[in-house]
Amino acid sequence: MIFDGLYEVEGSRGVKRIEIPKVADDFLPKNGYGLLAIKKYLPKVVSIHRENAQKEQFLYDYYLGQQDILKKQRLYQKDAINNNRICENHALRQVDFKTGFITSEQREYTAKEGIENNSELKNDLTFLNRYFADVNFFGKDKTLKEWIYIAGVGCTDVRPRTDIVSIDENGNAKFKTASDGYDIRYEAPFEFNVVSPIDNFVVYSSGRNKEPLFCVSMVEVEKHPDDAKDTSTEIEYQIETKYAIIRVKSNKNFRNYGEPAVLIEKKTNFIIPIVEHSANNARLGVIEKNKSLFDAINTLVSATTDMVVDNANVILVFKNTDIDSETIQDMKSAGAIIIKDTNTGRNVVSADLDTIKVQIDYAGLNTFYEQRLSQAYDIVGVPLASGQVTSGGDTGQARLLGGGWSNATTISTNETNTMRMSDYEVLRQILYLCKLYKDCPLNLITASQIDIKYKLNSNDNFLVKAQGIANLYNVNMPKDVILKASGLVSDVGAVSNSWEEYDQRIKQSAQQPAQTEETQITEEE
């Protein structure tokens, strides 16, 4: 982590989008690759990102259990010995559930309706899925979704593979082939990685289109790598536009930029490799939405535990007797208390012992706890495990509604609609890089011809859906319309075509015996 220091989340503001008053044309080669613009706005950009990065690190630590309750102190010094700090890590449970809910079943990349029968495009999708497996695309996507739900934003990095290019004796680039140990039919010609949004970010234009201008990766490097004793470091900003890679250095306080922006490399692939992903336009994660409720729950549980212990240690009230603390402790250890009457000389005053207990309304506290917990889970669309899951009925759908599953599906579907925009941007990058290699078999299909489909909760109420499909089929409803209405499958086009082909085979096989019987009757006549 580049940034250090404490950070407190104040309200729900999300991760700020970094924008500057420039457009993509300002970074063209004819305009000096944008070196002057980068030098001018880099201090402002870094300042905004520093605030974002501190928030992201704070939220990530919160997810791991470093929560505000760990700083809890009791008001009076005498109570310090009984200071319970209980962290119910609902942040981790909610993030893990939402991540699993949309990634436990791999989303599908399928051909859009109307082109699903094109064999060449279907071959391209076959190679795309091979490449996804080669780069562990969906495994890394799980990490991306965790970042989105923890911090509000996640980052992917797509680049051409450099290890499959060799330089011949004439200095010309040559792509490796199967004889060189690289088979492009099964191995991806690109790299796909998920990188931390704490040290990587994208800068956008403040113009109407809000187009991405460049991405920045912050790396800590040695000041004097050749000096065996000097361990001092500095920050290197590796900035990448569509047309160039640029380097700027500064000290660890992000000031005193040591050199002007230096052009390191003119690019031959015209993409900005880092893409930022989020689940909503505000770039709010689960934790920032619910932090105040999480803190309230932890405080309530910890304070209630304090009260339970305090109430178990009852206060003893001695009346009309002289006794010191040491004697009291000795009697407690022995398990019995003996008190003596006081003789004033004139009469004897009877000694007495009372206790003081604090009555705690545990039922009221539990109701308050359940209300806060239910709100926290409803806000972000996570079902809450509870015995009270019905909503007035006893049908399967009522239980789904009462348990929060319908709410979870609705909210996650809305979130994936936003995620799909950045998913398509990554897909365009991948297809672009594949087409740079002349021998790549993934060379025809475009991103606009592909449907990206998340698979959410597709098997609930399976019997009811199957009955509905049968009823609609019996009234000759088109098969693609039936499948869309049921929500049982994600690739409606492919399944409806397979269904139609199977129907035709069944009808043909049913007609063949009748035709054979007619032929036999004709021959007998």
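All residue numbers refer to positions counted from 1 along the written sequence of the respective chain. The predicted nature of this model means local features are confined to residues of pLDDT at least 70 and side-chain atom pairs, given and counted, to a pLDDT of 80 or more, with totals for whole chains, interfaces and linings taken over all residues. Think of the side-chain values as coming from all heavy atoms in the structure, minus any hydrogens and water.

Caption draft 1: Region of interest: a nonpolar patch on the surface. Patch membership requires over 30% relative accessible area and the absence of a salt bridge. Like charges are linked within 9 Å, and nonpolar side chains (Val, Leu, Ile, Met, Phe, Trp, Tyr) within 5 Å. Shrake-Rupley sampling with a 1.4 Å probe provides the accessible areas, and residues are treated as covered by the protein chains on show and by no other component. Salt bridge criterion: a side-chain nitrogen from Lys or Arg within 4 Å of a carboxyl oxygen from Asp or Glu. On the surface, Val 475, Met 477 and Val 481 cluster together into a nonpolar patch covering about 230 Å² of accessible area. The helix count covers DSSP runs of H or I at least four residues long, the strand count covers runs of E at least two residues long, and both are numbered beginning at the N terminus. Among the secondary structure elements, Val 481 is positioned in helix H11 (residues 479–486). When its relative accessible area of 38% is taken as the criterion, Val 481 is described as partly exposed. Categorising residues by exposure relies on relative accessible area from a 1.4 Å probe, with only protein chains included: less than 20% of the type maximum marks a residue as buried, more than 50% marks it as exposed, and the intermediate range marks it as partly exposed.

Caption draft 2: Local environment of the packing of helix H2 (residues 90–103) against helix H4 (residues 137–151). Interaxial angle, 0 to 180 degrees, is taken between N-to-C directions of lines fitted to C-alpha atoms, where a helix line uses only the stretch in contact. Packing of H2 against H4 leaves a shortest axis separation of 9 Å and a crossing angle of 135°. On the basis of their axis angle, the class for H2 and H4 is oblique. The chirality of how H2 crosses H4 is right-handed. In this structure, H2 contributes Val 95, Lys 98, Thr 99, Ile 102 and Thr 103 to the contact, and H4 contributes Asp 141, Lys 142, Lys 145, Glu 146, Tyr 149 and Ile 150. Side-chain classes are defined by residue name, with Ala, Val, Leu, Ile, Met, Phe, Trp, Tyr, Cys and Pro counting as nonpolar, Asp, Glu, Lys and Arg as charged, and the others, Gly among them, as polar. Taken together, the residues of the contact of H2 with H4 break down into four nonpolar, two polar and five charged. When describing relative orientation, an angle under 35 degrees is termed roughly parallel and one over 145 degrees roughly antiparallel, while 65 to 115 degrees is termed roughly perpendicular and anything else oblique. Left-handed describes a crossing whose near helix is turned anticlockwise from the far helix through less than a right angle; right-handed describes the clockwise counterpart. Any two residues whose heavy atoms approach within 4.5 Å at even a single point are treated as in contact.

Caption draft 3: Looking closely at H4. Over its 15 residues, H4 runs 21 Å from end to end, which matches the ideal 21 Å to within 8%, given 1.5 Å per residue. The buried fraction of H4 amounts to eleven of the 15 residues, a majority that puts the element mostly inside the structure. When we look at burial in H4, the residues that qualify are Phe 137, Phe 138, Asp 141, Leu 144, Lys 145, Glu 146, Trp 147, Ile 148, Tyr 149, Ile 150 and Ala 151. Following H4 by one or two positions, Gly 152 adopts a phi angle in the positive range, close to 100°. How far a helix is expected to stretch is found by multiplying one less than its residue total by 1.5 Å.

Caption draft 4: View of empty space enclosed by the protein. A cavity, in this analysis, means grid points on a 1 Å lattice covering only the protein atoms where a 1.4 Å probe fits yet has no way out; a pocket is instead an open set bounded by protein on both sides within 12 Å along at least five of seven lines, and a residue lines either one if it has an atom within 4 Å of a point. Grid points are joined across faces, edges and corners, and a volume is the space filled by probe spheres set on the points. Inspection of every chain in the model, using the stated rule, returns two cavities of 30 Å³ or more. In this structure, the largest cavity occupies an estimated 70 Å³ of space. As for the largest cavity, its lining consists of 14 residues, and the residues nearest its centre are Val 15, Asn 52, Phe 201, Glu 276 and Arg 283. When contributions to the lining of the largest cavity are tallied by element, the ones reaching two or more residues are helix H1 (35–63) and strand S7 (200–205). Broken down by class, the residue content of the lining of the largest cavity amounts to six nonpolar, three polar and five charged. The volume enclosed by the second largest cavity comes to roughly 40 Å³. Looking at the lining of the second largest cavity, the elements with two or more residues in it are H4 and helix H9 (405–434). In the lining of the second largest cavity, the residues fall into five nonpolar, two polar and three charged.

Caption draft 5: Focus on H11. Looking at H11, one finds that the buried residues are Lys 479, Ile 482, Leu 483 and Ser 486. Buried residues along H11 cover an arc of 95° about the axis, so they all sit on one side. What points out from H11, more than 90 degrees from its buried face, is the exposed set Lys 484 and Ala 485. Within this analysis, the arc is defined by the directions that extend from the helix axis to the C-beta atoms.

Caption draft 6: Region of the structure containing the environment of Thr 156. Within the fold, Thr 156 resides in strand S3 (residues 154–160). Take Thr 156: its relative accessible area is 1%, and that puts it in the buried class. Ignoring any residue separated from it by four or fewer positions in sequence, one finds Thr 156 in contact with Leu 144, Phe 192, Asn 193, Val 194, Pro 273, Ile 274, Val 275, His 277 and Val 426. In protein, a polar contact means a hydrogen-donor-capable atom and an acceptor-capable atom, both N or O and within 3.5 Å, with residues adjacent in sequence counting only if both atoms are side-chain atoms; elsewhere, any N or O pair within 3.5 Å suffices. A distance of 2.8 Å separates the side chain of Thr 156 from the side chain of His 277, its partner in a polar contact.

Caption draft 7: Just the pattern of salt bridges, in detail. Scanning the model with the defined rule gives 25 salt bridges in all. As a salt-bridge pair, Asp 141 and Arg 107 come within 2.7 Å of each other at their nearest N and O atoms. In this pair, Asp 141 is assigned in helix H4 and Arg 107 in the loop between H2 and strand S2 (108–111), connecting sequence segments 34 residues apart. Arg 107 gets classed as buried once you look at its relative accessible area, which sits at 5%. Among the ionic pairs, Asp 183 bridges to Arg 185, the shortest N-O distance being 2.8 Å. Accessibility expressed as a relative area gives 18% for Asp 183, which makes it buried. On the accessibility criterion, Arg 185 (45% relative accessible area) is partly exposed. Salt bridges linked by common partners bring Arg 107, Asp 141, Lys 145 and Asp 423 together as one network.

Caption draft 8: Looking closely at the nonpolar core. Residues Tyr 109, Leu 128, Phe 137, Phe 190, Leu 427, Ile 430 and Leu 442 are the most contacted members of the largest nonpolar core, which totals 65 residues. By residue number, the principal contributor to this core is H9, which donates nine residues. Ignoring anything within four residues of it in the chain, the contact list for Phe 137 reads Arg 107, Tyr 109, Phe 132, Phe 192, Val 426 and Ile 430. We call a set of buried Ala, Val, Leu, Ile, Met, Phe, Trp, Tyr and Cys residues a nonpolar core when their side-chain atoms join them within 4.5 Å. By size, the runner-up hydrophobic cluster in this structure holds 24 residues, among which are Val 45, Val 46, Ile 239 and Ala 244.

Caption draft 9: Local environment of the sheet that holds strand S8 (residues 212–222). Strands pair, by our definition, only if DSSP identifies at least two bridges between them. Read from one edge of the open sheet, six strands run S1-S7-S8-S9-S10-S11, paired in mixed fashion. Taken across any chain shown, the strands that pair with only one partner, and hence form the sheet edges, are strand S1 (19–20) and strand S11 (262–266). For strand S10 (residues 244–250) and S11, the ladder comprises four bridges, and the chain directions are antiparallel. Note on S11: the bridge partner recorded for Ile 246 is Leu 263.

Caption draft 10: How the structure looks around the pairing of S7. Of all six residues in S7, six are buried; the element is thus mostly enclosed. Relative to S7, S1 is paired through two bridges, and the arrangement is parallel. Pairing of Ile 20 across the sheet is with Ser 205, part of S7. As paired elements, S7 and S8 share five bridges and run antiparallel to each other. Its bridge partner lying in S8, Phe 201 is registered against Val 216. With antiparallel pairing between neighbouring strands as the criterion, S7 and S8 make up a hairpin whose turn holds six residues, including Lys 210 at a positive phi of roughly 50°.

Caption draft 11: Region of interest: the packing of aromatic side chains. Two rings from Phe, Tyr or Trp (for Trp, the six-membered ring) form a pair when their centres sit within 6.5 Å of each other. Planes less than 30 degrees apart are called stacked, planes more than 60 degrees apart edge-to-face, and all others tilted. Under the criterion given, the structure shown has 19 aromatic pairs. Both rings, one in Tyr 109 and one in Phe 132, keep their centres 5.0 Å apart while their planes meet at 65°; by these two values the pair is edge-to-face. Taken together, the residues Tyr 109 in strand S2 and Phe 132 in helix H3 (residues 119–134) connect sequence positions 23 residues apart. You can call Tyr 109 buried: its relative accessible area is 5%. Put simply, the rings of Tyr 109, Phe 132, Phe 137, Phe 138 and Phe 192 touch in pairs and so form one group of aromatic residues. Over a ring means this: the NZ of a Lys or the CZ of an Arg is within 6 Å of the ring centre and within 35 degrees of the ring normal. Note that Arg 17 overlies the ring of Tyr 204, its terminal NZ or CZ placed 3.7 Å from the centroid. A cation over a ring is seen here: Arg 372 above Phe 368, with NZ or CZ 4.5 Å from the ring centre.

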